[in-house]
Amino acid sequence: MDTVHVDLLVIGFGKGGKTIAAAAGRRGLRVAMVEQSEQMCGGTCINVGCVPTKALVHDAESRRPGDSPADWYARAVTRKADLTALLRGKNFDMLDVIDSVTVVTGRAVFVGPREAEVRAGGDVLRIDAETVVIDTGSEPVIPDIPGVEGSSRVVTSTELIATEDLPARLVVVGGGYVGIELAGMYAQFGSQVTVLESAGRLFGREDDDVADAARAILERQGVTFLTGARATSIHDADDGATVTYEAAPSSGTPSATAGGAVTGDLVLLAAGRRPVTAGLGLDVAGIRTTDRGAVEVDEHLRASVPGVYAVGDVNGGPQFTYISLDDSRIVLDQLYGTGERSTADRDAVPYTVFISPPLARVGLTEQAARAAGHDVLVASKAVASLAAMPRARIVEQTDGLMKFVVDAGSGLVLGAALLCVDSQELINTVALAMRHGVSAAELRDAIYTHPSSTEGFNEVLAALA
Ligand SMILES: Cc1cc2nc3c(=O)[nH]c(=O)nc-3n(C[C@H](O)[C@H](O)[C@H](O)COP(=O)(O)OP(=O)(O)OC[C@H]3O[C@@H](n4cnc5c(N)ncnc54)[C@H](O)[C@@H]3O)c2cc1C
Ligand SMILES: NC(=O)c1ccc[n+]([C@@H]2O[C@H](COP(=O)([O-])OP(=O)(O)OC[C@H]3O[C@@H](n4cnc5c(N)ncnc54)[C@H](O)[C@@H]3O)[C@@H](O)[C@H]2O)c1
């Protein structure tokens, strides 16, 4: 067995890990990047997560009534595969061009505090390092539902988006990010989609007006939602898989269902994702995990063994690519900077659910702002009512609303929910304004390009009351 010593060992080619590997390599340090699969170079985001799903959402939105759903979908899946192959190659090259970085394909398992064995087929390589970064990501939670195991019709998001035949009927278990985005997308491709969500309401983190508007849009696009419905069993038959559900004990909101069954050609499991730590040998290395199976880290992302860090989904933080990226900044600051950055200094972190149009939010909801004791002003307008935002009509997407929550005393933005065209871009401007104390009046009176979606702020914020 060969043994190599490196300055930095990164396990997992995710966003945070590859960013740290590249930065260390550019400093001339010896870096080993270990990724278990050539098909996952670049990590979840570009191969099976954000990028392919958003490419498919784009293609689903572009389908015109005359386009054959099956052909359109097959074309979209091919385009998605080409795109991810391109980005995979670029991600490999990004590290490969750095002389001191070696990309190793194989599965890493800790055999000591900062030492791992990498297995690829019959070959075993031992790598010991001064510093180790764990970036092994997350994997779908497979709910313990009778019939899941052994069903030929149950798929994860990774398997569903690789399926070349458009399912005529799709049942989605779980109405979170993955479930909602894929439900909206497949409905627009032409599938008949039913979502089972055990919570009493969808978009549980949003104000009622925003959640109701988003749900209504998805329903108009053909998605059926059964909220308060917990999937309890799955039975394969010749013509599909039947998912049985029962009323879930909901959190305060009345259940929308008494129980029943729904049949699909495919059943998507979208019941959450858990950190990939099983089988990593963390116990051998003395690296502690939390009771949810994440690598236990402090606010500087230091694990319980000195010199070991964990970034991205595996550390149990919010599961977003941009959080994994920000984790890399914190670790790089520990390694080569002042050590001041931490997860505690993150402010106004936005998120977007990629439905059509996307729902993006940052900061407090109106309800949370009032509960926190703020004297609140609210500006909320339907996109279709806005005269000063012709972009929505230009791109034929006038659904949705823009809502701002403002502190009456300071005039500062406390939060915003933007359910509208381009909201995945707009929300970053609002987040920046919040971080830097730009007031609602300044956002209202700013000069924006025309025709753009941002100029909607001119009109919506004029309605503050
Ligand atoms: C369908 C879907 C859509 C999403 N859409 C979005 C979105 O629009 N926006 C957004 O911000 N986030 C989105 N996410 C979440 C986002 O993809 C993740 O938060 C992000 O990719 C996590 O990155 P990471 O750095 O934790 O690691 P990952 O990118 O998950 O990389 C981990 C890597 O480690 C490898 N690995 C695991 N174990 C080992 C081992 N023992 N040895 C070697 N290699 C190993 C894996 O093969 C993998 O390549 C989506 C997720 C999914 C599933
Ligand atoms: N646009 C984005 O940024 C984006 C897109 C996709 C995924 N992601 C990330 O990936 C993570 C995982 O997404 P996800 O949707 O798998 O998880 P999630 O936690 O967002 O949602 C899972 C949902 O499944 C429901 N559920 C669980 N078991 C159920 C059952 N038996 N029957 C019915 N409902 C059940 C839960 O109540 C929950 O609402 C997200 O938290 C997010 O951070 C982000």
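Residues numbered from 1 in each chain as written. Chains lettered and ligands numbered in written order. Predicted model: local features only at pLDDT ≥ 70, side-chain atom pairs only at ≥ 80, totals over all residues.

1. Here we look at the environment of G179
Step number 1: Within the secondary structure, G179 is located in helix 6 (residues 177–189).
Step number 2: Residues contacting G179, with those up to four places away along its chain left out, are V172, G174, V195, L268 and A270. (Helix = DSSP H or I, 4+ residues; strand = E, 2+ residues; numbered from the N terminus. Contact = placed C-beta atoms within 7 Å.)

2. Thoughts on the UniProt feature "active site" (unreviewed entry) in the protein chain
Step number 1: Per the UniProt record, "active site" (unreviewed entry) is annotated on H450.
Step number 2: By the element assignment, H450 lies in the loop between helix 13 (440–445) and helix 14 (456–460).
Step number 3: Taking the number of C-beta atoms within 10 Å as the measure of exposure, H450 has 12 and is therefore exposed. (UniProt positions renumbered as here; feature names shortened; annotations may be inferred. Buried ≥ 20, exposed ≤ 12 C-beta atoms within 10 Å, placed from the backbone.)

3. Quick notes on the domain arrangement of the protein chain
Step number 1: Each assigned domain of the protein chain is listed with its residue range as follows: domain 1 (2–139 + 274–345), domain 2 (154–271) and domain 3 (351–463).
Step number 2: The C-alpha centroid of domain 2 is placed 30 Å from the C-alpha centroid of domain 1.
Step number 3: On the domain 2 side, the residues contacting the 15 residues of domain 1 number nine residues.
Step number 4: If you list the elements that add at least two residues to the side of domain 1 that touches domain 2, you get helix 3 (50–62) and helix 4 (69–96).
Step number 5: Of all the elements, helix 4 adds the most residues to the side of domain 1 that touches domain 2, at seven residues.
Step number 6: Tallied by class, the residues present in the side of domain 1 that touches domain 2 amount to 11 nonpolar, one polar and three charged. (Domains from an automatic or database assignment. Nonpolar A, V, L, I, M, F, W, Y, C, P; charged D, E, K, R; others polar.)

4. A few points about the nonpolar core
Step number 1: Of all hydrophobic cores here, the largest spans 88 residues; its most connected members are V172, V173 and L268.
Step number 2: Counting residues in hydrophobic clusters, the runner-up holds 44 residues, among them V10, V118, V297 and V331. (Core = buried A, V, L, I, M, F, W, Y, C linked by C-beta atoms within 7 Å.)

5. Examining the site of ligand 1
Step number 1: Near ligand 1 you find 37 residues, and of these G12, G14, G43, G137 and G312 are the closest.
Step number 2: Going through the elements one at a time, helix 1 (15–26), strand 2 (31–35), helix 2 (43–47), helix 3, strand 4 (107–112) and helix 9 (321–336) are the ones with two or more residues in the shell around ligand 1.
Step number 3: Looking at the shell around ligand 1 residue by residue, the class counts come to 14 nonpolar, 17 polar and six charged. (Near = placed C-beta within 6 Å.)

6. Description of the site of ligand 2
Step number 1: Taken together, the neighbourhood of ligand 2 is formed by 26 residues, with G174, G176, V178, A271 and Q319 sitting nearest.
Step number 2: Of all the secondary-structure elements, those providing two or more residues to the shell around ligand 2 are helix 6, strand 10 (192–197), strand 12 (229–237) and strand 18 (351–353).
Step number 3: Ranked by the residues each element gives to the shell around ligand 2, the list is headed by helix 6, at four residues.

7. Regarding the UniProt feature "binding site: FAD" (unreviewed entry) in the protein chain
Step number 1: UniProt's entry tags K54, T136, G137, S138 and D313 with the feature "binding site: FAD" (unreviewed entry), counted in the numbering of this structure.
Step number 2: Its location among the elements puts K54 in helix 3.
Step number 3: Note on K54: 18 C-beta atoms within 10 Å, which makes it partly exposed.
Step number 4: Here G137 shows up in the loop between strand 6 (123–134) and strand 7 (138–140).
Step number 5: Overall, the presence of 25 C-beta atoms within 10 Å leaves G137 in the buried class.
Step number 6: Beyond its immediate sequence surroundings of up to four residues, G137 is in contact with G12, G14, G43, T44, V276, G312, D313 and V314.

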